[in-house]
Amino acid sequence: MPVVTTTAAETEALGRRLAARLAPGDVVALYGDLGAGKTHLAKGICAALGVAPEAVTSPTFALVHEYAADAFPVFHIDAYRLERLDEFFALGYEEYFYGDGLCLVEWPEKVEALLPASTFRLRLDHLGGDRRAVSAMTEDETPDPSAMLP
C-alpha cells in the first residue's frame, strides 16, 4: 500500500487479494468520497470469500447487508445516512463489530467512536477518470471520534 487501480475490475481484484488477510471478527473501515470505489473493493473482498459479486451492492438505504460467505458471514455496513450514533446503536452494531463475521464499513467516520481499536482502516481516493488510490491509514489520519457523539 498504497496501490493505484485504473478500473473497477482492478479495485475488485485488490479486494480479492486483501480478503486473504481477513478473518472472522475483523472490521475493515473504508474511507473515501462518493465514487471512490468503496463498494467495488467490498465486492472483491466478498467474491474471494464466496459471495457472488453481483449480490454485493451498496447498503446505503438498507444500512446493512448480510452475506453468507463460504466460511463465515460478511456484514457490509454503510453509515452514510446516519445522523446520530444512537441510530447505529439501534442496529445492534455490537453483533456486527464483535460477532463471528467479517465487517466492512463504508463511511466509518460517522461511527468512528464505536469502531474497535483493531479496525483495519483503508482510504480510497478518486484520482480522476477510473483511477483510484487505496492506502492503509495511519493513526494520525483517523478522523476525530467525537464527530458523531451526542
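Everything numeric in this text was worked out from a predicted model, so none of it was measured.

Here the focus is the pattern of salt bridges. Considering all chains together, one arrives at 2 salt bridges under this definition. Here Arg121 ties to Glu112 by a salt bridge, and the two come within 2.7 Å at their closest N and O atoms. The exposure class of Arg121 is buried, given its relative accessible area of 12%. Relative accessible area serves as the criterion here: at 5%, Glu112 is assigned to the buried category.

On to helix α2 (residues 38-48). With 9 of its 11 residues buried, α2 lies for the most part within the structure. Listed in full, the buried residues belonging to α2 are Lys38, Thr39, Leu41, Ala42, Lys43, Gly44, Ile45, Cys46 and Ala47. The inward-facing, buried residues of α2 contact α1 (8-19), β2 (27-31), β3 (64-68), β4 (73-78), β5 (102-106) and β6 (120-128). Gly50 occupies a position one or two residues after α2 and carries a positive phi of about 100°.

It is worth spelling out the packing of aromatic side chains at this point. According to the stated counting rule, one finds 6 aromatic pairs in the structure shown. Considering the side-chain rings of Phe88 and Phe97, the 5.5 Å spacing of their centres and the 55° angle between planes classify their relative orientation as tilted. Each of the two residues, Phe88 as well as Phe97, counts as buried. These aromatic residues form a ring-pair network of at least three members: Phe88, Phe89, Tyr93 and Phe97.

Locating Thr119 in the fold gives a position in the loop between β5 and β6. Here Pro116 takes part through its backbone oxygen, which lies 2.6 Å from a polar atom of the side chain of Thr119. Setting aside its immediate chain neighbours within four residues, Thr119 contacts Val27 and Ala29.

Turning next to the sheet that holds strand β1 (residues 3-5). Strand order in the open sheet made by the 7 strands is β1-β7-β6-β2-β5-β4-β3, with mixed pairing throughout. A single partner strand is all that each edge strand has here, and the edge strands are β1 and β3. On average, each strand axis in the sheet is inclined to that of its neighbour by 20°, with strand direction left out of account. As paired strands, β6 and strand β7 (residues 131-136) are joined by 6 bridges and run antiparallel to one another. Bridged to His126 within β7 is Arg132. Strands β2, β3, β4, β5 and β6 of the sheet are contacted by α2, whose axis makes an angle of about 170° with β5.

Here we come to α1. With 12 residues, α1 should reach 16 Å at 1.5 Å per residue; the first-to-last C-alpha distance of 17 Å fits that figure. Residues of α1 that are buried in the fold lie against β1, α2, β6 and β7.

Mapped onto the fold, Gly99 is located in the loop between α4 (93-97) and β5. On the basis of relative accessible area, Gly99 is assigned to the partly exposed category, the value being 27%. C-alpha of Gly99 to C-alpha of His76: the two residues are 23 residues apart in sequence and 13 Å apart in space. With residues up to four places along the chain from it excluded, the contact list for Gly99 reads Gly25 and Glu94.

To continue, consider the state of the cysteines. Applying the stated criterion to the full structure yields 0 disulfides. Free cysteine Cys46: the closest other cysteine sulfur is in Cys103, separated by 11 Å. Cys103 gets classed as buried once you look at its relative accessible area, which sits at 0%.

Scoring rules and cut-offs
- Throughout, a residue's number is its position along its own chain's written sequence, starting from 1.
- Predicted model: local features are reported for residues with pLDDT of at least 70 only, side-chain atom pairs are reported and counted for 80 or more only, and whole-chain, interface and lining totals are derived from all residues.
- Excluded from the side-chain calculations are hydrogens and water; all other atoms, namely the structure's heavy atoms, are used.
- Basic side-chain nitrogens of Lys or Arg form a salt bridge, by our definition, when they fall within 4 Å of a carboxyl oxygen of Asp or Glu.
- Between buried and exposed lies partly exposed: a residue is buried under 20% and exposed over 50% of the maximum accessible area for its type, with that area taken using a 1.4 Å probe on protein chains only.
- Secondary structure counts use DSSP, requiring at least four H or I residues in a row for a helix and at least two E residues in a row for a strand, with both numbered from the N terminus.
- Throughout, a contact is declared for two residues whenever any of their heavy atoms are within 4.5 Å.
- Each aromatic pair joins two rings of Phe, Tyr and Trp (for Trp, the six-membered one) with centres within 6.5 Å, and gets the label stacked for planes under 30 degrees apart, edge-to-face for over 60, and tilted for any other angle.
- Any pair of N or O atoms that falls within 3.5 Å is considered a polar contact. Within protein, one atom must be able to donate a hydrogen and the other to accept it, and sequence-neighbouring residues count only if both atoms are side-chain atoms.
- Between any two strands, pairing holds if DSSP finds at least two bridges.
- Only the contacting stretch of a helix is used when fitting its axis, a line to C-alpha atoms as for every element, and angles between N-to-C directions run 0 to 180 degrees.
- In this scheme, a helix's expected span is set at 1.5 Å multiplied by one less than its residue total.
- What counts as a disulfide here is a pair of cysteine sulfur atoms lying within 2.5 Å.

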